[in-house]
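Summary of structural features
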Amino acid sequence: MQINMTAKEITMKVVYYGPALSGKTTNLQQLHALMNDHCGSLVTLDTKDDRTLYFDFLPIEFGTAAGFSVKLKVFTVPGQVMHKSTRKVVLAGADGVAFIADSQRSSASANAYSWRDMEANLKANGIDFKDFPKVVQFNKRDLPDIKSLQEIRDSWGDTPTHPAVATRGEGVVETFRELMRALYRSLDDKHTFASKFGVSEEAFLKGVLANFGSRSAS
Ligand SMILES: Nc1nc2c(ncn2[C@@H]2O[C@H](COP(=O)(O)OP(=O)(O)O)[C@@H](O)[C@H]2O)c(=O)[nH]1
Ligand SMILES: [Mg+2]
């Protein structure tokens, strides 16, 4: 997180991570589609075969009651194994991650590989993996031959997981909201966010989610 006290500006960065084709770009496209004017344009660098080459980027901006403007930068990474060094660069300076897993049974090993790769890349960036804000989404719940939610819960233990069908926008805002909550709590622990900037968790979430249209109003 970067804080500019003079300009009263806080800049945060979150990254959507996961294996190739799990739905990271789709999550950002859906978030972008739900937003009103508070966000900039979605920059997506997908190649024609639907695979992200470098990253996608979505900027979100909102103001706090204490007069700070919060700039949130949302990135995706390219999932293909060969793009490991690009993922490390995109993760640098991240304040939180959403891990987008593919629910299909055939994707189990790709999910596991990507999770370990994320852990290694966070550590390589000097980030403490254990306490780092992260949420997990199990996407593509509409497809046949997927892991049941019970199986997923059993294998992920304490880590909360969120089911989604990103192509229909289901679970996308929920995942994002939980990411923002985890992000806020971590920043408050590290930077006494609430007292320094006069932003409660509730106000923070309201600020970010006010960017969405009526579909997120629950
Ligand atoms: N059936 C289904 N397809 C999805 C879902 N989410 C994404 N996809 C498709 O999976 C492919 C890869 O999605 P994309 O967002 O580009 O994946 P990325 O590589 O993680 O950025 C695209 O064809 C998407 O339309 C979903 O929830 N259900
Ligand atoms: Mg992509």
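Residues numbered from 1 in each chain as written. Chains lettered and ligands numbered in written order. Predicted model: local features only at pLDDT ≥ 70, side-chain atom pairs only at ≥ 80, totals over all residues. Heavy atoms only, no water.

Quick notes on the site of ligand 1
For clarity, the cut-off: A molecule or strand has a residue near it when one of that residue's heavy atoms lies within 4 Å. We define a polar contact as two N or O atoms separated by no more than 3.5 Å, with the added condition that, inside protein, one atom must be a possible hydrogen donor and the other a possible acceptor, whereas residues neighbouring each other in sequence contribute only through side-chain atom pairs. Methods summary: accessible areas were calculated by the Shrake-Rupley approach with a probe of 1.4 Å, and residue burial reflects only the protein chains presented. In this text, helices come from DSSP runs of H or I with a minimum length of four residues, and strands from runs of E with a minimum of two, each type numbered from the N-terminal end. When residue character is reported, Ala, Val, Leu, Ile, Met, Phe, Trp, Tyr, Cys and Pro are called nonpolar, Asp, Glu, Lys and Arg charged, and the others, Gly included, polar.
Neighbouring residues of ligand 1: 16 residues in total, closest Leu21, Lys24, Thr25, Thr26 and Asp142. The contact in question runs from an oxygen atom of ligand 1 to an N or O atom on the backbone of Leu21, over 2.8 Å. Contact with the protein chains covers 82% of the free accessible surface of ligand 1, which is 580 Å². Top element by residues in the shell around ligand 1 is helix H1 (residues 24-34). It accounts for 3 residues. For the shell around ligand 1, the class distribution of residues is 5 nonpolar, 7 polar and 4 charged.

Some points on the nonpolar core
Which entries qualify depends on this criterion: The term nonpolar core refers to a set of buried residues drawn from Ala, Val, Leu, Ile, Met, Phe, Trp, Tyr and Cys, joined through side-chain atoms within 4.5 Å. Using a 1.4 Å probe on the protein chains alone, a residue whose accessible area is under 20% of its type maximum counts as buried, one over 50% counts as exposed, and one in between counts as partly exposed. Two residues form a contact once any of their heavy atoms are found within 4.5 Å.
By size, the foremost hydrophobic cluster in this structure holds 37 residues, and its most contacted members are Leu72, Phe176, Met180 and Phe204. Of all elements in the fold, only strand E2 (9-17), H1, strand E4 (52-63), strand E5 (69-76), strand E6 (96-102), helix H5 (172-191), helix H6 (193-197) and helix H7 (201-209) reach the threshold of two or more residues within this core. Sorting elements by how many residues they give to this core places H5 first, with 8 residues. Discounting residues that sit within four places of it in the chain, Phe204 has contacts with Met12, Phe62, Met180, Leu183, Tyr184, Phe193 and Val199. Residues Leu91, Met118, Phe129 and Phe138 belong to the second largest nonpolar core, which totals 21 residues.

Considering the environment of Asn125
Note on placement: Asn125 falls in the loop between helix H3 (108-124) and strand E7 (134-139). A relative accessible area of 25% means that Asn125 is categorised as partly exposed. It is 24 Å that separates the C-alpha atoms of Asn125 and Ser22, two residues lying 103 residues apart in sequence. With near-sequence residues (within four places) excluded, Asn125 lies in contact with Lys88, Leu91 and Ala92.

Brief notes about helix H2 (residues 84-91)
To keep things clear, this is the line we draw: The reported arc concerns the directions from the helix axis to the C-beta atoms and nothing else.
Buried within H2 are the following residues: Arg87, Val90 and Leu91. One side of H2 holds all its buried residues, which, seen down the axis, span an arc of 95°. Facing away from the buried side of H2, by more than 90 degrees, are the exposed residues Ser85 and Val89.

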